[in-house]
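Overview (structure and organization)
Chain by chain, the residues run as shown.
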There are 2 protein chains.
Amino acid sequence: MLRKLSCLLLLGFAAPAIAETLPLPDGLIALNSVDGQALLIGSEARSDYFELSIHFTNQVHPAFCGPASMSMVLNALNVPRPASNMTLGLGMFDQDNVFTPATEAVKPRALIERAGLTLDELGAMFEAHSLKATVRHAEESSVEEFRTLARESIDDAESFVLVNYLRSSIGQERGGHISPLGAYDAETDRFLILDVTRYKYPPVWVRTDDLFQAMNTPDSDNDNRSRGYLLVRQ
Amino acid sequence: MLRKLSCLLLLGFAAPAIAETLPLPDGLIALNSVDGQALLIGSEARSDYFELSIHFTNQVHPAFCGPASMSMVLNALNVPRPASNMTLGLGMFDQDNVFTPATEAVKPRALIERAGLTLDELGAMFEAHSLKATVRHAEESSVEEFRTLARESIDDAESFVLVNYLRSSIGQERGGHISPLGAYDAETDRFLILDVTRYKYPPVWVRTDDLFQAMNTPDSDNDNRSRGYLLVRQ
Ligand SMILES: [Ca+2]
Ligand SMILES: [Ca+2]
Ligand SMILES: [Ca+2]
Ligand SMILES: [Ca+2]
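Quick notes on the rules
- Residues numbered from 1 in each chain as written.
- Chains lettered and ligands numbered in written order.
- Predicted model: local features only at pLDDT ≥ 70, side-chain atom pairs only at ≥ 80, totals over all residues.
- Heavy atoms only, no water.
- Axes fitted to C-alpha atoms, helices over the stretch in contact; angles between N-to-C directions.
- Helix = DSSP H or I, 4+ residues; strand = E, 2+ residues; numbered from the N terminus.
- Parallel < 35°, antiparallel > 145°, perpendicular 65-115°, else oblique.
- Contact = heavy atoms within 4.5 Å.
- Pairing = 2+ DSSP bridges.
- Least-squares fit on C-alpha atoms with pLDDT ≥ 70 in both.
- Donors = N, O, S within 2.8 Å, 3.2 Å for Na, K, Ca; no water.
- Buried < 20%, exposed > 50% of the residue type's maximum accessible area, 1.4 Å probe, protein only.
- Salt bridge = Lys/Arg side-chain N within 4 Å of Asp/Glu carboxyl O.
- 1 Å grid on protein atoms, 1.4 Å probe; cavity = no way out; pocket = protein on both sides within 12 Å on 5 of 7 lines; lining within 4 Å.
- Points joined across faces, edges and corners; volume = space filled by probe spheres on them.
- Nonpolar A, V, L, I, M, F, W, Y, C, P; charged D, E, K, R; others polar.

If you check an unreviewed UniProt entry, chain A appears there as glutathione gamma-glutamylcysteinyltransferase from Albidovulum marisflavi.

Below you can see the structure in the form of structure tokens.
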């Protein structure tokens, strides 16, 4: 049985072929909507968007929001990339080769497939790739600190920011989730989440307050510590 | 033996882990460079970019530039999406489920793995998905017609444009290739290619003249007819 809801779809019906992702609540703005496009064009911080979007990927397993997000950030950072099954010798991180002997020691892949990753485990996975990871649980941070640090990280070419939040808190289906942030718009005070569950939701612009509240939720898989955010750099 | 160069890497050495894609020639501008970002922000046609970038993918097989491009365009078009291996019942096209009994009748997947797709076959593959595909060989078109039709298609929410070109003609490694276009910048007269060989090259802005010249090259796998472009709509 799956103990952890992280990244998991919990729809109670068998869906036929559909043309759309799930409906978005009023508070979220899809990147590919007219308003969402305008927010990116007029955003005040977006350098990470370009580095991440060219490596934007879909999680290949229901519990792999963390490994999918890791592959994007590792490709976006200027670190040596291992050869992938599909690259004929050229380097690219994917959702297989992000797992290494060092990450197995943090949490074995087989266990991640059953239970996903907590915020602290995600930080340790990046450290197992010899990167510096700063974990900030929302309960020990503030919306002001998050806004400042995340915006700075988006502007800083050497740093990336990932968020671990409860989807239902922002009106999405449904459990805990992990994805990287790409951009910030100051006028609307919204961050762009590059949601790795691409079949389920498009990237969305979310209000900073709403995102922080969704991070400031207890994670039963992490001793009820709150979710939060993670800054990664070399 | 692989008869067709389409999409294939032909590097004569075993590469170690590397941090970068291959070097770009002077004539191309990477989307994630400072100049490339500014071109997107200031582009005159880019609505397709947003629909395609949220489905941007990496080809999973050396000969799958065509199927990878198809999966992006099919997801971007408002057509019913089949369930994928990874979507738990929600719809998304990938590089497995783009192959159907109807596409097998066009060209079997096993043969595409050996020989890729020609421009005409790519059009027929889209038609096998009940879409309207307009194939334009460069030798029967002109740079002016291509610029007009491709720009219109980028602006038209119901239509997408793919290009089939010879990489070496624009200074890249090396053979025939297929990818969708995302945007057009009028001042520099450049189109943005969302190159599906993401481990090899970033998305690039290419001059219209240079791209047309790279399409106006004979394809030995297609009776030496020239490469060209393809407009797809419902
Ligand atoms: Ca703004
Ligand atoms: Ca950054
Ligand atoms: Ca312009
Ligand atoms: Ca279009």
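Okay, back to it.
All names here are of chain B. Following both chains from N to C, one finds helix 7 (residues 143-155) and helix 8 (residues 208-215) inclined at 110°, their axes separated by 10 Å at the closest point. On the basis of the axis angle, helix 7 is roughly perpendicular to helix 8. Two secondary-structure elements touch here, helix 7 through Val143, Phe146 and Arg147 and helix 8 through Thr208, Asp209, Leu211, Phe212 and Met215.

Residue and element names in this part refer to chain B. The antiparallel open sheet is built from 7 strands, whose spatial order is 1-6-5-4-3-9-2. Looking at strand neighbours, the two that pair on one side only are strand 1 (29-30) and strand 2 (132-137), the edges of this open sheet. Direction of pairing for strand 3 (residues 159-166) relative to strand 4 (residues 176-185): antiparallel, over a ladder of 5 bridges. Paired with Tyr165 across the two strands is His177, which belongs to strand 4.

What follows deals with the relation of the copies chain A and chain B. If you rotate chain A by 180° and push it 0.0 Å along the axis, it lands on chain B with an RMSD of 0.0 Å. Here the transformation between the copies is reduced to the relation of a two-fold axis. Identified as the residue of chain A closest to the rotation axis by C-alpha distance is Ile41(A), at 2.8 Å. In this assembly, 100% of the residues forming the interface of chain A have copies in chain B that are likewise at the interface, indicating an isologous arrangement.

Looking now at the coordination of the calcium ion (ligand 2). All names here are of chain A. Within the protein, the atoms that donate to the calcium ion (ligand 2) are Asp48 (OD), Asp48 (OD), Ser153 (O), Asp156 (O) and Ser159 (O), at distances of 2.0 to 2.6 Å. Along the chain, the residues that donate to the calcium ion (ligand 2) are spaced as D-x104-S-x2-D-x2-S. Residue Asp48 is found in helix 2 (residues 47-53), and its partner Asp156 is found in the loop between helix 7 (143-155) and strand 3 (159-166); the two are separated by 108 residues along the sequence. The exposure class of Asp156 is partly exposed, given its relative accessible area of 24%.

A separate point is the pairing of strand 5 (residues 190-193) of chain B. All names here are of chain B. The alternating pattern of strand 5 places Arg190 and Leu192 and Phe191 and Ile193 on opposite faces, both of which are buried. For strand 4 and strand 5, the ladder comprises 4 bridges, and the chain directions are antiparallel. By the bridge assignment, Asp185 is partnered in strand 5 with Arg190. Taking the residues that link successive antiparallel strands as the turn, the strand 4-strand 5 hairpin has 4 residues, and the phi of Asp189 there is positive, at about 50°.

Next up on the list: the pairing of strand 3 of chain B. Put simply, side chains in a regular strand alternate between the two faces of the sheet. Residues and elements named next belong to chain B. For strand 3, the tally of buried residues reaches 7 of 8 residues, placing the bulk of the element in the interior. Bridging between strand 3 and strand 9 (residues 228-233) involves 6 bridges; their strand directions are antiparallel. By the bridge assignment, Ser159 is partnered in strand 9 with Arg233.

So, on to the coordination of the calcium ion (ligand 3). All names here are of chain B. Around the calcium ion (ligand 3), the protein contributes the donor atoms Gly42 (O), Glu44 (OE), Glu44 (OE), Asp185 (OD) and Glu187 (OE), which lie 2.1 to 2.6 Å from the metal centre. Counting residues between consecutive donors of the calcium ion (ligand 3) along the chain gives the motif G-x1-E-x140-D-x1-E. By relative accessible area, Glu44 is classed as partly exposed at 32%.

Note on placement: Ser153(B) falls in helix 7. Setting aside chain neighbours within four positions, we find Ser153(B) in contact with Asp48(B), Ser159(B), Phe160(B), Val161(B) and Leu231(B).

Turning to the pattern of salt bridges, a few remarks are in order. All names here are of chain B. Tallied over the entire structure, the rule returns 21 salt bridges over all chains. Between Arg225 and Glu140 there is a salt bridge whose closest N-O contact spans 2.7 Å. Linking Arg225 in strand 8 (residues 225-226) with Glu140 in the loop between strand 2 and helix 7, this pair joins segments that are 85 residues apart in sequence. For Glu140, a relative accessible area of 47% gives the class partly exposed.

Its boundaries defined by the atoms lining it, the largest pocket holds a volume of some 700 Å³. Val60(A), Met86(A), Thr57(B), Val60(B) and Met86(B) are, among the 36 residues lining the largest pocket, the residues nearest its centre. Of all elements in the fold, only helix 3 (65-76) of chain A together with helix 3 (65-76) of chain B reach the threshold of two or more residues within the lining of the largest pocket. As a volume, the second largest pocket reaches approximately 510 Å³. Together, 30 residues line the second largest pocket, and Glu20(A), Asn32(A), Glu51(B), Ala76(B) and Arg81(B) are the ones closest to its centre. Elements represented by at least two residues in the lining of the second largest pocket include exactly helix 1 (34-41) of chain A together with helix 2 (47-53) and helix 3 of chain B. Ranked by residues supplied to the lining of the second largest pocket, first place goes to helix 2 of chain B with 3 residues. Considering only residue class, the lining of the second largest pocket consists of 15 nonpolar, 8 polar and 7 charged.

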